[in-house]
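Observations on the three-dimensional arrangement
Chain residues, written in single-letter form:
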Amino acid sequence: MSLLFFLLLGVKRHYKKRCQGRMRKHVGDLCLQAGMLQDALVHYHMAVELLRGVNDFLWLGAALEGLCSASVIFHYPGGTAGRTVGRKPSVSQPADAGKRHRPGEHIPPAGALTANGISADTSTEIGRAKNCLSPEDIIEKYKEAISYYGKYKNAGVIELEACVKAVRVLAIQKRAREASEFLQNAVYINLGQLSEEEKIQRYSILSELYQLIGFHRKSAFFKRVAAMQCVAPTIPEPGWRACYKLLLETLPGYSLSLDPKDFSKGTHRGWAAVQMRLLHELVYASRRMGNPALSVRHLSFLLQTMLDFLSDQEKKEVTQSLENYTSKCPGGMEVITLPDGLKLPPVPFTKLPIVRSVKLLNLPVSLRPHKVKGLPGQNMSTASPFIYSPIIMHNRGEERCKKIEFQWVQGDVCEVQLMVYNPMPYELRVENMGLLTSGVEFESLPAALSLPAESGLYPVTLVGVPRTAGNITVNGYHTSVFGVTSDCLLEGLPSVKTSGSLVEVIPSLPRLQLSTSLPRSAHASQPTSKEELSSTVSVQLFNGETQQLTITLENIGSEDIETLELTSKILSTKEKVFGEFLSWDLEEASSRLPLKSGQAVTLTVHIKVELDFSGQESLLQDLNDDGISVTGLPISSPLRQLLKPRSETRAFGSESGRAEYSHVKTLEAVLNFKYSGGAGRVEGYHRELSLGVHVDVEPSVFFTRVNTLPATSTRQCHLLLDIFNPTEHELTVSAENNQDLVLHASECQRMAIQVDKFDFETLPQPDQQTACFTSPKQLEEERQHAQGSQINSKLGICWSIISFRPNVLVNGKPCDCDVIADCRAGDPVTLEVRLTNRSKNSVGPLALTVVPFQDFQNGVQNYDLGEAVTFIGSNTFYIDTVKPKEDSVCVGALLFLYAGDFYLNIKFQDDSAGRELPLAWFTLPSVHIRALDAQLQAGA
C-alpha cells in the first residue's frame, strides 16, 4: 500500500506540474494576444520551467516558441514582415517607456495575485528586461523548439511554421546563412499527404523566404519547382498560365532579362546552361498556352542571347524549331503585351549575321558632285553676324563628328558597305536585307544573300535611292532570318565600327557617259590613282606624229546638261613638250546645249607629240666628219671632248645597236569634262568626268651632230647635219630647196643645207607677241620638214650664242688650261670663278657645278673621289641674272686629302623653269691642280 501510495502521489505531482505548465503556456498566449507583453513573458518563462521538468516536449516547444514571439515583439515592434529595426530599451529607461500595449489593454493593479499564487506585479521594466530574450537567445530558443517538434511525427506543420518565423527574425537580423539552415531544414519536414495546391503554396513560401534573405538563385529554384508543380502529371487540368507566370518570376534569380539590350553590355552574367533550360521551358509553356507569337519571341531571344553557348547540334535544333513556329506565326518587331501588363520588347537578330563595320560609300568618281568655288556667300555663316563665335565653332565641331564629308545626289544609287560574319555551322540565308534611314525620303532596295558556314568577314553592299534632297541618317539595317523580321539599329551595336552615319543629299544632277574611238588602256596614271579616272585610252606614236581621238558624250541621266567645259592637264613633268599636246574645238559641242536625256554629242581631240630626244648619252654615238671639220658640236653629248673616227655612212644593224636606240618616252594627260544642269546647277554643284590619255612616244629621227662649212658665197654657209633613223621603217627627210634624203632602218647619213649668214650684233629683238620662246637668249634658226611612212614630223633646230669671259683663280692665282696649280694635301684650297657677260642681253639664272676627277692618261677618268677630295660647303653655286657688262663671282673651297694630280670640271646649266637648252650647255676648260705631300713641299 505504501509503494502504491507513493507511486500514485508521484504521478499526481507530475500530472499537476504538466497541467500547470500547459496552463501557464495557455495564459501566456492569451496575454500575448491581449497585448500584455510583460505578462506573456512571465507566463512563458514559468511554463518553460514547469514543462521542462516533466518532459512535455510538444508543449515545451510551444512555450519556447511563445517566449520567442513575445521577445520578438519587444525587440522589433514593427513586426517581422518589414525591415524596421527594433529598439532595445535599457534597464535605466522609465517604466512606461517599454509599454507598447494595444488600445484596450488591461493592466492589473499592483500586488494582485493569480489563482496559482503567482504575483501579478510584473509590470516593472526590470522584470520585463529580465524575462525578455536577447536577439541571439531568440534564435537558440527557436532551434530548441524546432528540435522538440521534430520528436513528434504529426507536428510537421507547426515545425514548419516555427522555421518560417525563425527565418523572418533572422532576415531582420541580417543573418542570412543561419536563416538558410532553417529553410534547408524546412525543406525536409514531412507534412504527410498534401494536395497539389498545398505543395505549390509550400514551394512558393520557400521561394519568398529565400528571396527575403537574399538567396535569389535559391528562390528562383523553388519558384521554378512551384511552376513545374502547376503542370504535374497528377493534375487533371494543368495550369500552364500559372506555370508561365511563375517561370517569368524566376528570371531575375537566374540573371535573366527579357530585354536583349541587357545582353549587349559587358560580359555574360549567370549560368548559361540553366538560363537556356529556363528559356526552353518558357517556349514550351507559351506553346501549351496556345500563344505561338510568344513562343517565337522566347525562341528568338534564346537564339540571340545564348548563341555563343549553343553547340552546333543545338543551333541546328533551335533554328529548325524556330522555322517551324514562324511558318505558322512569323516573328516581327512589335512589342508583345501580356495579360498582367508585362511587355516583351522585340528581339532583333544582330548576330545573324554578325556585323563588324558599317561604312557609307562615296559615289563613283564620275558621279561625285563638286561645289562651284567662289560663289557669293558660300563661306559666310548666316547664323551670326560676327566673324568668329566660339559657340558656332563648337556646334560645327560636333556636326563634323557625325556628318560625312562627301555628298550623295538625289536620284542616284547610293551604297553602304557592311562587313558581316556568319557564326552558324551551316549556310545562312538572309532575305530582305535593306537599310533603315531617317531624314529624306529614301527608297531602299532589299538584297538577299547566302553566307557560307563560318564564312569570316564577308562584304555586303546595301543600296538605295534618295528621292528628295536634305540630310539623311543611316540608322541601321533590317533583315529577315528564319522567318523573323529584325530591325537592327547601329546605336544598339556598340562593337560595330562606323565612320559616320549622317550624309547630305544634294539636288539631282545630270549623268554623262563617255566613249572613245581609241582602245582603252590598263595603264594607271602615277600622280592620280586609277579609280579617279573614268577611263583611260592608250596610243603609240612616233615623235612628231598627230592622232585624232573621237569622244562621244551621251546624256544617260534624267536632267538636261546645260553647261559643258573641257580642260586638260599633262601629268608627265619630266619630259618637255613642244607645242600643244592636246587640242580641240568645243564650239560645235557647246552649240548643241542643253543636251536632253538620251542625246549624244561628238568631240574631236588632236593628239600631237613633239619631244626632245637629245641629250641622251646612252642613245647616240659621236660621229666624226672624216677631217672635214673637227669643231662640230655634238648636240646630244656636250660634255664629250674626244671625237672617235667613223665612216661616212654607218648602219647599226646589230640587235644590240637596235636595242640601244629603242628608248620610248611616255606622256600622260587627263581630259577633264565639267558639266552641270538641273536643280543641282542652281545650288552651285557640277560633275566632272575624267579621261586619261596614255601615249608612248618613239623617236622618229636624230640629229647627232651639227657642223658649219663656209660656202662659195660670203653671205651663205653650209649647215651639215648627221641624221640617224632609229625606227624600223624607211625614212625620207626633205628640206627646202634640197634633195630628199632616204634613210633605211637604223641608218645614219649626212645632209648639207645652204643657209644665209647673219650678224648677231644687228639681229633685231623678237616681238613679245610673235616670239615663240620665252627666253631671249634662244634664237630660232631653221625649221625642217621630214615625212616618212605615216610620219608627219616638225623638226626645229635651235641653239643659243652667249659670250662669256671666264677667269679661274686657285688660291688667288690665275689658272689657265696649261697652268698647274700646286697646293699642299690637307690644306684648304680656295677656288674663285669670275664670269663676265659680254653679250647685249641679260643671262640667267644659271647653276655652276664643280666636279673633280682624275685622268689616268689612258682614256680612263675616275670621278669617284669621295674619299680623296671634299668640298668645304657645296660644289654647286646659284648665279642670278647677270646683266650685260657685269660680273658674277663664285667662291668656294676644296680639301685634298691625298697627294696626286686632280682636275676640276667646271660646267654651267640653265636653272630657269622654261629653259630651252640642253642640261649642260657651257663648260670651262678643266683646271689642273697638283696636291703635294707636306714633307715633300717643305723639302722643295
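Before reading further, recall that the structure is shown in the block above.
Everything numeric in this text was worked out from a predicted model, so none of it was measured.

Attention shifts here to the pattern of salt bridges. A side chain with one charge may pair with a side chain of the opposite charge, provided their charged atoms come close. Inspection of every chain in the model, using the stated rule, returns 19 salt bridges. Asp-560 is paired through a salt bridge with Lys-596; the nearest N and O atoms lie 3.1 Å apart. Within this pair, whereas Asp-560 is found in the loop between β17 (546–555) and β18 (563–570), its partner Lys-596 is found in the loop between α15 (587–591) and β20 (600–608), the two being separated by 36 residues in sequence. Among the ionic pairs, Glu-610 bridges to Lys-608, the shortest N-O distance being 3.5 Å.

Evaluation of the coordinates by the stated rule reveals five cavities of 30 Å³ or more. Computed from the structure, the largest cavity encloses a volume of approximately 70 Å³. Lining the largest cavity, in full, are Ala-293, Val-296, Arg-297, Ser-300, Pro-330, Gly-331, Gly-332, Glu-334, Ile-336 and Val-484. The greatest single-element share of the lining of the largest cavity, amounting to four residues, is contributed by helix α12 (residues 292–305). For the lining of the largest cavity, the per-class residue count stands at five nonpolar, three polar and two charged. One number sums up the size of the second largest cavity: a volume of about 40 Å³. Taken together, Leu-258, Arg-297, His-298, Phe-301, Leu-344, Pro-345 and Val-347 make up the lining of the second largest cavity. Counting residues per element, the lining of the second largest cavity draws most heavily on α12, at three residues. The residue makeup of the lining of the second largest cavity, split by class, is five nonpolar, one polar and one charged.

Time to look at the sheet that holds β17. Pairing within the open sheet is antiparallel, and its four strands lie in the order β15-β17-β20-β19. The sheet is open, and its two borders are formed by β15 (512–516) and β19 (582–584), each paired with just one other strand. Averaged over all adjacent pairs, the angle separating strand axes in this sheet is 30 degrees, with direction ignored. Both β19 and β20 contribute to a ladder of three bridges, which runs antiparallel. When the bridges of β20 are listed, Trp-584 appears paired with Val-605.

Before going further, it helps to spend a moment on the layout of surface pockets. Considered as a void within the structure, the second largest pocket measures approximately 1,100 Å³ in volume. Elements represented by at least two residues in the lining of the second largest pocket include exactly α12, β3 (354–360) and β12 (484–489). Here the element with the most residues in the lining of the second largest pocket is β3; it accounts for three residues. Tallied by class, residues from the lining of the second largest pocket come to 15 nonpolar, 11 polar and 10 charged.

Our focus in this paragraph is the pairing of strand β11 (residues 470–481). Looking along a regular strand, one sees side chains alternate from face to face of the sheet. Where strand β7 (residues 428–438) lies against β11, six bridges are found, and the strand directions are antiparallel. Among the inter-strand pairings, Leu-436 is bridged to a residue of β11, identified as Gly-476. Both β11 and strand β14 (residues 502–506) contribute to a ladder of four bridges, which runs antiparallel. Counterpart to Asn-471 in the pairing with β14 is Glu-504. Both β11 and β12 contribute to a ladder of six bridges, which runs antiparallel. Residue pairing across strands places Ser-480 opposite Thr-485, the latter belonging to β12. The hairpin formed by β11 and β12 contains two residues between the paired strands, and Phe-482 there has a positive phi angle of roughly 55 degrees.

Parameters and conventions
- Residues numbered from 1 in each chain as written.
- Predicted model: local features only at pLDDT ≥ 70, side-chain atom pairs only at ≥ 80, totals over all residues.
- Heavy atoms only, no water.
- Salt bridge = Lys/Arg side-chain N within 4 Å of Asp/Glu carboxyl O.
- Helix = DSSP H or I, 4+ residues; strand = E, 2+ residues; numbered from the N terminus.
- 1 Å grid on protein atoms, 1.4 Å probe; cavity = no way out; pocket = protein on both sides within 12 Å on 5 of 7 lines; lining within 4 Å.
- Points joined across faces, edges and corners; volume = space filled by probe spheres on them.
- Nonpolar A, V, L, I, M, F, W, Y, C, P; charged D, E, K, R; others polar.
- Pairing = 2+ DSSP bridges.
- Axes fitted to C-alpha atoms, helices over the stretch in contact; angles between N-to-C directions.

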